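Residues per chain, in single letters:
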Amino acid sequence: MTTDLAAEHHDELRPLMFSIAYRMLGSVAEAEDVVQEAFLRLHRTPAEVRSVSAYAVTVTTRLAIDQLRSARVRRERYVGSWLPEPLLATDVESDPAVRAERADSLSLAFLVVLETLSPVERAVFLLREVFGYDYDEIARIVEKSVVNCRQIFTRASRRIAAGEPRFEASRERRDDLARAFFAACETGDITVLEELLAEDVVFDGDGGGKAPAIARPIQGRVQVARFLLGIIRQVATFGGRLEPTMVNGQPGGRMVDAEGRLAAIFELQIADGQVRALRNVLNPDKLRHLGPLVDPASLPGAGRRPREG
């Protein structure tokens, strides 16, 4: 393959390559590195390659498997809860219909569940379940037999099913509930907020030891509602605000200071007409790709439980 041919297919291939790498790694920076390395290898590939797309997916997946094996060692030493790096857009897929179909598989909630799989299990499951590749193609990509890939997929599917997050089937109902949630946050109406939260709702935070965050997840609608409104009051003390946005294809929010610098991103998991979970990313290393950041040390009391009463 000539350099010109690789460049010609760049815009066509990059969204798919990034979609695979990001879901494999849960990291924007690492996914970008994998895609860049994959394109470098595409530039060096002979012109006899029959399918540029198949080759790109193969190289991307294999690089992501290698990267994930290294990353998993680092995650075992991670301080506090580990959450994926958030995306504030779903345009990693160019086709709107594809974006809608794959939105739930892009969520932070789903990516956290994928962490229970080994790198090869993760690749096989994603290629089959999310991207629709047949077993012959998957076997070639991960260098396993077709029979082995079927077994891997079955095993991975059982593990995913045990912890798979639920999502609101109706996008319209989901978005209406999200609007009600943010309206209650803005007015500080704890009664309405509690009604929108599931009884066993969970609030989790990822500071990575670099930003103030909760030591362990908070559970229960009363506890989560009080904690969330406490955070919003703290943010308001330095002129900050909460802005609704889409996070990894799901409703979420940005916490910014008076100058618009980002302090945190959180995603709502909505199902059965209620907010089932909130996942809050404060680790600045996971937010740098989203623009200017607040200095975590300048956030008084952020991430700590506010006093009650």
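Throughout, residues of each chain are indexed from 1 in the direction in which the sequence is written. The predicted origin of the model limits local features to residues at a pLDDT of at least 70 and limits the giving and counting of side-chain atom pairs to 80 or more, whereas totals for whole chains, interfaces and linings rest on all residues. Heavy atoms throughout the structure, all of them, feed into the side-chain values; hydrogens and water do not.

> Quick rundown of the packing of helix H4 (residues 52-76) against helix H8 (residues 135-142)? Include the residues and the values.
The axes are straight lines fitted to the C-alpha atoms, using for helices just the contacting stretch, and the angles between their N-to-C directions are given from 0 to 180°. What counts as a helix is a DSSP run of H or I of at least four residues, what counts as a strand is a run of E of at least two, and both are numbered from the N terminus. Here H4 crosses H8 at 55°, and the two axes come no closer than 9 Å. In terms of orientation, H4 lies oblique with respect to H8. The handedness of the crossing between H4 and H8 comes out as right-handed. Every residue of H8 that contacts H4 at Ala54, Val57, Thr58, Thr61, Arg62 and Ile65 is listed here: Arg140, Ile141 and Val142. Three residue categories are used. Nonpolar comprises Ala, Val, Leu, Ile, Met, Phe, Trp, Tyr, Cys and Pro, charged comprises Asp, Glu, Lys and Arg, and polar comprises the others, including Gly. Its residues assigned to classes, the contact of H4 with H8 shows five nonpolar, two polar and two charged. Here roughly perpendicular refers to angles of 65 to 115 degrees, roughly parallel to angles under 35, roughly antiparallel to angles over 145, and oblique to all remaining angles. It is the rotation of the near helix from the far one that decides the hand of a crossing: anticlockwise by less than a right angle makes it left-handed, clockwise makes it right-handed. Contacts are assigned to residue pairs that have any heavy atoms within 4.5 Å of one another.

> I'd like to hear about the sheet that holds strand S4 (residues 250-256), residue by residue, with values.
The strands making up a sheet associate through backbone hydrogen bonding, with each pair oriented either parallel or antiparallel. The strand order across the open sheet formed by six strands is S2-S1-S6-S5-S4-S3, and the pairing between neighbours is mixed. The strands lining the two open edges of the sheet, one partner per strand, are strand S2 (218-219) and strand S3 (241-247). Any two strands with at least two DSSP bridges between them are considered paired. Of the strand pairs in this sheet, strand S1 (residues 197-206) and S2 are connected by two bridges, and their pairing is antiparallel. When the bridges of S2 are listed, Val202 appears paired with Gln219. Of the strands in this sheet, S1, S3, S4, strand S5 (262-271) and strand S6 (274-281) touch helix H10 (residues 171-187), which is tilted by about 135° from S5.

> Help me get a handle on unusual backbone geometry, residues and values and all.
The phi angle at Glu143 is positive, at roughly 60°, despite the residue not being glycine. As for its position among the elements, Glu143 is in the loop between H8 and helix H9 (146-163). Owing to a relative accessible area of 60%, Glu143 belongs among the exposed residues under this scheme. Each residue gets one of three labels from its accessible area relative to the maximum for its type: buried under 20%, exposed over 50%, partly exposed in between, using a 1.4 Å probe on protein chains only.

> Tell me what's going on with the packing of helix H7 (residues 119-130) against H8, and back it up with residues and numbers.
One way to put it is that H7 packs onto H8 with a least axis distance of 10 Å and a crossing angle of 150°. Between H7 and H8, the angle is such that the two are roughly antiparallel. In the crossing of H7 with H8, the sense of the turn from one axis to the other is right-handed. Here Ala123, Val124, Leu127 and Arg128 of H7 come into contact with H8, specifically with Tyr135, Ile138, Ile141 and Val142.

> Describe the packing of aromatic side chains, listing the residues and the values that go with them.
For any two aromatic rings, the description comes down to two numbers: the centre-to-centre distance and the angle of the planes. Any Phe, Tyr or Trp ring, taking Trp's six-membered ring, that has another such ring centre within 6.5 Å forms a pair; planes under 30 degrees apart are called stacked, those over 60 apart edge-to-face, and the others tilted. Applying the stated criterion to the full structure yields eight aromatic pairs. Seen from their ring centres, Phe18 and Tyr22 are 5.9 Å apart, and the 10° between their planes marks the pair as stacked. Of this pair, Phe18 and Tyr22 both sit in helix H2 (residues 10-25), four residues apart, which is roughly one turn of that helix.

> Which residues make up empty space enclosed by the protein, and what values do they have?
Cavity and pocket criteria rest on a 1 Å grid covering protein atoms alone: a 1.4 Å probe that fits but cannot get out defines a cavity, protein on both sides within 12 Å along at least 5 of 7 lines defines an open pocket, and an atom within 4 Å of a point defines a lining residue. Grid points are joined across faces, edges and corners, and a volume is the space filled by probe spheres set on the points. In total, this model carries three cavities of 30 Å³ or more according to the counting rule given. The volume enclosed by the second largest cavity comes to roughly 50 Å³. Along the wall of the second largest cavity there are twelve residues; nearest its centre are Leu262, Ala263, Leu282, Val294 and Pro296. Residue classes in the lining of the second largest cavity are distributed as eleven nonpolar, no polar and one charged.

> Run through the confidence of the model for the protein chain, naming residues and quoting values.
Confidence scores labelled pLDDT are given residue by residue by the predictor and lie between 0 and 100. Summarising the model, the protein chain shows a mean pLDDT of 88, and 89% of its residues fall at 70 or more. No element of the protein chain has a lower mean pLDDT than helix H1 (residues 3-8), which averages 59, and none a higher one than H8, which averages 98. Here residues 302-309 is modelled with pLDDT under 50, and outside its nearest four sequence neighbours on either side it reaches 17 contacts, counting other chains as well.

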